[in-house]
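One letter stands for each residue in the lines below.
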Protein chains: 2
Amino acid sequence: MSSPSPKLALFKQFALVAKTLGHPQRLELIEQLGQGPRSVDLLAEKLGAPIANVSQHLQTMRRAGLVAAERQGKFVVYRLADDSVLAAMKAIRRVAENNLAEVDKIVRGYFEERDSLEPVTREELSGRLRDGMVTVLDVRPADEFALGHVPGALNVPLSELDARLATLDPEKDIVAYCRGAYCVMSFEAVSRLRAQGFSARRLEDGMPEWVAAGNAVASS
Amino acid sequence: MSSPSPKLALFKQFALVAKTLGHPQRLELIEQLGQGPRSVDLLAEKLGAPIANVSQHLQTMRRAGLVAAERQGKFVVYRLADDSVLAAMKAIRRVAENNLAEVDKIVRGYFEERDSLEPVTREELSGRLRDGMVTVLDVRPADEFALGHVPGALNVPLSELDARLATLDPEKDIVAYCRGAYCVMSFEAVSRLRAQGFSARRLEDGMPEWVAAGNAVASS
DNA sequence: CAATCATTCAATTGAAATATTGAATATACC
DNA sequence: GGTATATTCAATATTTCAATTGAATGATTG
């Protein structure tokens, strides 16, 4: 009757999920979708990859239960299937952080001083937001900012940072964030701000986790 | 200078971890190692796979930071790198449970009545253990039982269940457990016990989670 | 120091995943 | 209805992964 052990059948399904997560570009797609639903088009542009390629990755991910798709007019909008997907990506990241020397090397290699990596917790930020003694920088591109951001945050894309340094209050602490835990832009922003004498730190994780933790989101 | 974006480099590492988890046999190895360190030999026997094959999987897993190896005499003993590995496997399982219809189908198809799947929580079990009004069955093979089990548990491998039915107190509730959440043996045991009129339920998860939650372990 | 046992290595084969390209489909807009 | 746009499909070439087999290595035992 070709009935293999149910355990094997289940493990094959779990393996399908894991295998599908096992591709850098697909992880990048998850990072993007962690911020909200996006069209194939936009995702391809963000990744700098051919549309057909991205489309196929998205379909692979749909078959593995990672994302869902919905047609909206002439666009097909993809979104993460549910919160468990981000949780799984986070769990995998932790394994890599804990056990792969290579990860440590990359992180240390890119950012000279280790302490600039110590992030501000979400709790700390919501507290200090109320005091008003902190400047929050959203260093993502303007289009992503427009689709949702931390209330009160200034949108200063990395490319404009230098030009807008003068408008920042040097008396206030700065907290920068972008897409997720390893979105490089916030590291880069903090590094540059510190070089200019500002007291700057990163927010732990990024936008999707801020939302997931039940914090307010503004959009414009 | 061939210095790709650090984000890409990191994502490649994360993808390596996920990809390595993406193989049913390797997930099975993790399930086994979740119970404690094991030799290549023993693992191969448990999986019913060729030793060379298992050895290669283990080496792949070591390169991905999932397991660590240590030589003990003429054996090489592998163990999980740390708790994050089990956490990652659990997170992946959750994605599959939430979003893959196939998983639901398998679980439902194998066990006719859905309620037999409602597990006893670890907290509930530790409470009832103190009252002494519950019989705990460890349905794993004797060798795995010997390496660590819930205190007070009876070792009744599935193959011996029928023969030992008469020795079980029909007045007590029975809680069965085995290796992990989808170790089929505890489902099967509960199903058979219920057919015989016993009040039987499964323990949520299995041995590794019991240990991870800080509960006592007995060995013999 | 030879014999034995556990593990790993190396080479081969077959299977699967990926990127790429151009064509096909579906929807909206005029 | 025709055209533009967004997405998917199909076919192919390339690369990577997995299982198998037998030989090689490393450690223990007598």
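Quick summary incoming for the structure in this document. All of these numbers come straight from a predicted model, not from anything done at the bench.

Next up on the list: the sheet that holds strand S1 (residues 38–39) of chain A. For sheets, the rule is that strands pair by backbone hydrogen bonds, running either parallel or antiparallel. Residues and elements named next belong to chain A. Reading across from one edge, S1-S3-S2 is the order of the three strands in this open sheet, with antiparallel pairing throughout. In the strand order of this sheet, the two ends are held by S1 and strand S2 (67–72), each with one partner. Here S2 pairs with strand S3 (residues 75–80) via six bridges, running antiparallel. Bridge pairing links Arg-71 to Val-76 in S3.

Glancing now at the interface of chain B and chain A. Counting residues at the interface gives 49 residues for chain B, matched by 49 residues for chain A. Summing the contributions of chain B and of chain A, the shared interface buries around 4,100 Å²; its carbon and sulfur component is 79%. If you sort the residues of chain B by the area they bury against chain A, Lys7(B), Phe11(B) and Phe14(B) come out on top, with a joint share of 16%. Summed over the shared surface of chain B and chain A, the number is two salt bridges. Between Lys7(A) and Glu31(B) there is a salt bridge, with the nearest N and O atoms lying 3.1 Å from each other. Applying the counting criterion to the chain B and chain A interface returns eight residue pairs in polar contact (both at pLDDT 80 or more). Counting only elements with at least two residues in the side of chain B that touches chain A, the list comes to helix H1 (6–21), helix H2 (24–33), helix H5 (83–99) and helix H6 (101–110) of chain B. With 14 residues, H1(B) is the single largest residue contributor to the side of chain B that touches chain A.

Unlike most non-glycine residues, Asp205(A) shows phi in positive territory, near 55 degrees. Examined against the element boundaries, Asp205(A) turns out to sit in the loop between strand S7 (200–202) and helix H11 (207–212).

In the neighbourhood of DNA strand D, 23 residues make up the surrounding shell, with Asp41(A), Ser55(A), Gln59(A), Tyr78(A) and His57(B) lying closest. For DNA strand D, the fraction of atoms within 4 Å of the protein that belong to sugar or phosphate moieties is 85%. Contact distances for DNA strand D include 2.6 Å between a phosphate oxygen and a side-chain N or O atom of Ser55(A). Residue Asn53(B) places a side-chain N or O atom 3.5 Å away from a phosphate oxygen belonging to DNA strand D.

Of all hydrophobic cores here, the largest spans 77 residues; its most connected members are Leu21(A), Leu66(A), Leu21(B) and Leu66(B). No other element matches the eight residues that helix H1 (residues 6–21) of chain A contributes to this core. Filtering out sequence-adjacent residues up to four positions away, Leu66(B) remains in contact with Val95(A), Val17(B), Thr20(B), Leu21(B), Ile30(B), Met61(B), Arg79(B), Leu80(B), Ala81(B) and Val85(B).

If you rotate chain B by 180 degrees and push it 0.0 Å along the axis, it lands on chain A with an RMSD of 0.1 Å. Expressed as an axis order, the relation between the two copies is that of a two-fold axis. Interface overlap between copies is the fraction of interface residues in one copy that are interface residues in the other; for chain B against chain A it reaches 100%, indicating a shared surface.

With that settled, the discussion passes to the packing of helix H5 (residues 83–99) of chain A against H5(B). Contact geometry of H5(A) with H5(B) gives a least axis separation of 8 Å together with a crossing angle of 160 degrees. As far as their axial angle goes, H5(B) and H5(A) are roughly antiparallel. Where H5(A) crosses over H5(B), the handedness of that crossing is left-handed. When H5(A) is examined against H5(B), the residues Ser84(A), Val85(A), Ala87(A), Ala88(A), Ala91(A), Ile92(A), Arg94(A), Val95(A), Asn98(A) and Asn99(A) are found in contact with a partner set consisting of Ser84(B), Val85(B), Ala87(B), Ala88(B), Ala91(B), Ile92(B), Arg94(B), Val95(B), Asn98(B) and Asn99(B). Residue composition of the contact of H5(A) with H5(B), grouped by class: twelve nonpolar, six polar and two charged.

Residues and elements named next belong to chain A. If you walk across this open sheet you meet the four strands as S5-S4-S6-S7, and the pairing is parallel. Edge positions in the sheet fall to strand S5 (154–155) and S7, since each of these pairs with one other strand and no more. Bridge count between strand S4 (residues 134–138) and S5: two bridges; the pairing is parallel. Within S5, the residue paired with Asp-138 across the bridge is Asn-155. The strands touched by helix H7 (residues 122–131) are S4, strand S6 (173–177) and S7; relative to S4, the strand with the most contacts, the crossing angle is about 125 degrees. In the packing of helix H10 (residues 184–195) onto the sheet, the strands contacted are S4, S6 and S7, and the crossing angle to S7 comes to about 170 degrees.

In this section: the packing of aromatic side chains. The way to describe two aromatic rings as a pair is by their centre distance and the angle between their planes. The full count for this structure, using the stated rule, is two aromatic pairs over all chains. Relative to Phe14(B), the ring of Phe11(B) has its centre 5.9 Å away and its plane inclined at 40 degrees; by these criteria the two rings are tilted. Residue Phe11(B) and its partner Phe14(B) are both found in helix H1; the two are separated by three residues, about one turn of the helix. The same class applies to Phe11(B) and to Phe14(B), which are both buried. One residue, Arg202(A), lies across the ring of Phe187(A), its end atom 3.9 Å from the ring centre.

Time to look at the side chain of Ser39(B). All names here are of chain B. For Ser-39, the location among the structural elements is in strand S1 (residues 38–39). In this structure the side chain of Ser-39 is engaged in a polar contact, spanning 3.2 Å, whose partner is the backbone nitrogen of Leu-42. Contact partners of Ser-39, with chain neighbours within four places excluded, come to Phe-75, Val-76 and Val-77.

Around DNA strand C sit 22 residues in total, of which His57(A), Asp41(B), Ser55(B), Gln59(B) and Tyr78(B) are the nearest. The sugar-phosphate portion of DNA strand C accounts for 85% of its atoms within 4 Å of the protein, the bases making up the rest. Here a phosphate oxygen of DNA strand C and a side-chain polar atom of His57(A) are 2.9 Å apart. Within the side chain of Gln59(B), a nitrogen or oxygen atom sits 2.4 Å from a phosphate oxygen of DNA strand C. Mapped by element, the contributors of at least two residues to the surface near DNA strand C are helix H2 (24–33) and helix H4 (51–63) of chain A together with helix H3 (40–47), helix H4 (51–63) and strand S3 (75–80) of chain B.

About the thresholds
Residues numbered from 1 in each chain as written. Chains lettered and ligands numbered in written order. Predicted model: local features only at pLDDT ≥ 70, side-chain atom pairs only at ≥ 80, totals over all residues. Heavy atoms only, no water. Pairing = 2+ DSSP bridges. Helix = DSSP H or I, 4+ residues; strand = E, 2+ residues; numbered from the N terminus. Contact = heavy atoms within 4.5 Å. Buried area = accessible area lost by both parts, 1.4 Å probe. Salt bridge = Lys/Arg side-chain N within 4 Å of Asp/Glu carboxyl O. Polar contact = N/O pair within 3.5 Å; in protein donor to acceptor, adjacent residues only side chain to side chain. Near = heavy atom within 4 Å. Core = buried A, V, L, I, M, F, W, Y, C linked by side-chain atoms within 4.5 Å. Buried < 20%, exposed > 50% of the residue type's maximum accessible area, 1.4 Å probe, protein only. Least-squares fit on C-alpha atoms with pLDDT ≥ 70 in both. Axes fitted to C-alpha atoms, helices over the stretch in contact; angles between N-to-C directions. Parallel < 35°, antiparallel > 145°, perpendicular 65-115°, else oblique. Left-handed = near helix turned anticlockwise from the far one by under 90°. Nonpolar A, V, L, I, M, F, W, Y, C, P; charged D, E, K, R; others polar. Phe/Tyr/Trp six-rings, centres within 6.5 Å; stacked < 30°, edge-to-face > 60°. Lys NZ or Arg CZ within 6 Å of the ring centre and 35° of its normal.

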